[in-house]
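Descriptive structure summary
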Amino acid sequence: VAPVLTTPEARDVWTHAKPEEARVTHVSLDLTADFEAKEMRGTATLEVIFAQGAKQVILDDAGLVIESITDVEGAPLEWHVGDASPNIGAPLVIALPRADAAISRASDPQPNLRVIRIRYRSAPGASALQWLPPELTAGKAHPYLFSQGQAIENRSWIPTQDSPGIRQTWDATITVPAGLVAVMSGDRVTPEGVPAGDGHRSFHFVMDNPVPPYLIAMAVGNLEFRELGPRTGVWTEPEMLDKAVYEFADVEKMVDAAESLYGPYRWGRYDMLLLPPSFPYGGMENPTLTFLTPTLLTGDRSNTDVVAHELAHSWSGNLVTNATWSDSWLNEGFTTYFENRIMEA
């Protein structure tokens with residue numbers, strides 16, 4: 001646990017979590033995207049470390065529909081959802097499992113670690129999820145889904161402690177209709193997906209670097225990929241792929257320039273996802289997979305400073321993060337400076 005989180009000035013007023021008592025360290029998702037119901041449904045398995053004497057863990061919940069909460073052996077746990085705030089949602093309060101139910105991914109149980117499994121679904125109006133009908137995509141033939149977690153929206157589809165100072169590793173299995181592709185802000189373990197029955201296929205992703213939970217991101221659509229360099233590439237709908245490859249041809253050079261200024265790029269690949277026009281930001285710095293608006297496709301590479309900005313976040317924001325949203329100006333301030341240094345180089 002970062003010591004700064006125990007100091008009074010680091011109390012995050014935008015979360016219900018009490019990380020000094022019990023803190024989520026890993027999230028494992030197994031979810032199916034239901035385009036008809038406009039909901040993600042399945043399970044979230046959380047690893048939680050706790051202080052001596054702690055009896056419960058408090059998560060953030062913005063409209064989640066909870067079906068059950070158990071330990072890893074299936075034994076029910078006591079839980080309740082507290083009063084909701086219009087700004088930050090509601091606290092999801094869960095009793096910690098008994099000590100002999102502590103099982104970790106590393107098969108090395110820790111005395112102060114517990115595992116909790118939550119079966120749930122997101123609401124059709126979940127604020128982090130944008131469900132697009134085919135007519136709102138470039139190809140007009142397939143539906144599309146993308147998430148936007150910053151600043152505190154991921155609590156509407158992931159039951160966790162949604163605070164930038166509470167960094168977490170994660171893995172996810174996302175099951176989608178067979179004609180679609182899922183991408184996420186983590187290492188892609190199953191590039192082609194695996195059959196999941198009933199006209200679906202599943203994609204598995206892993207993020208072994210602890211990240212602030214707002215950086216867990218996902219998209220599902222008719223997506224294709226093209227490499228730009230040894231560790232860079234772009235995902236988008238086929239109709240925009242050639243234009244995207246031309247527009248972002250210099251991105252590998254940007255990564256090299258950034259490393260020469262601020263040290264090694266520590267996230268493996270730097271890929272980009274070019275989204276449909278309804279994406280509400282210029283770009284979003286999701287690790288390994290920056291999300292970008294197609295308004296960058298000008299044909300003359302004149303707006304690629306946006307890419308430099310999101311790449312810069314790989315250091316300022318993603319590696320080093322503001323502990324609370326009250327200090328998010330630090331994130332954007334350092335990144336804007338770094339963006340200009342990259343463009344200068």
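Here, every reference points to the structure presented above.
All values derive from a computational prediction rather than experimental measurement.

About the criteria used
- Every chain is numbered independently, its residues counted from 1 as its sequence is written.
- Given that the model is predicted, a residue must reach a pLDDT of at least 70 before its local features are reported, and side-chain atom pairs must reach 80 or more before they are shown or counted; all residues, however, enter totals for whole chains, interfaces and linings.
- Values reported for side chains reflect all heavy atoms of the structure, with hydrogen atoms and water molecules removed beforehand.
- The definition of a nonpolar core used throughout is a set of buried Ala, Val, Leu, Ile, Met, Phe, Trp, Tyr and Cys residues joined through side-chain atoms within 4.5 Å.
- Here the term buried applies to any residue with accessible area under 20% of the maximum for its type, exposed to any over 50%, and partly exposed to those in between, with areas from a 1.4 Å probe on protein chains only.
- Only runs of H or I of at least four residues qualify as helices and only runs of E of at least two qualify as strands under DSSP, and these elements are numbered from the N terminus.
- When checking whether two residues touch, look at their non-hydrogen atoms; a contact exists if any pair is within 4.5 Å.
- Paired strands are those between which DSSP finds at least two bridges.
- Lines fitted to C-alpha atoms define the axes here, with helix axes fitted over just the stretch in contact, and angles between the N-to-C directions of these axes take values from 0 to 180 degrees.

With that settled, consider the nonpolar core. Ranked by size, the top nonpolar core spans 91 residues in total, and within it Met40, Ile118, Trp157, Ile174, Phe248 and Leu273 carry the most contacts. Among the elements that line this core, the one with the most residues is strand S1 (residues 22-34), at six residues. Leave out the neighbours within four places in its chain, and Met40 touches Leu31, Thr32, Ala33, Tyr120, Arg121, Ser122, Leu129, Trp131, Leu145, Trp157, Ile174 and Met218.

It is worth spelling out the sheet that holds strand S6 (residues 90-95) at this point. Read across the sheet, three strands follow the order S3-S6-S5 without closing on themselves; strand pairing throughout is antiparallel. The open sheet has two edge strands, strand S3 (56-61) and strand S5 (79-81), and neither has a second partner. The mean angle between the axes of side-by-side strands here comes to 20°, regardless of whether they run parallel or antiparallel. Relative to S6, S3 runs antiparallel, the two sharing six bridges.

What follows is about the sheet that holds strand S18 (residues 270-274). Two modes of strand pairing occur in sheets, parallel and antiparallel, and in both the strands are linked by backbone hydrogen bonds. Pairing within the open sheet is mixed, and its five strands lie in the order S16-S17-S18-S20-S19. Two strands in the sheet have a free side with no partner beyond their single neighbour: strand S16 (224-229) and strand S19 (283-284). Sheet topology note: the S18/strand S20 (residues 289-292) ladder contains four bridges and is parallel. By the bridge assignment for S20, Leu273 is matched with Phe291.

Residues Gln150 and Ala151 are joined by a peptide bond in cis, for which omega reads 5°. Tracing the sequence through the fold places Ala151 in the loop between strand S9 (144-147) and strand S10 (168-177). Even without being glycine, Lys140 reaches a positive phi, approximately 65°. Inspection of the secondary structure puts Lys140 in the loop between strand S8 (129-132) and S9. One non-glycine residue with positive phi stands out, namely Thr288, at about 65°. With respect to the helices, strands and loops of the structure, Thr288 is situated in the loop between S19 and S20.

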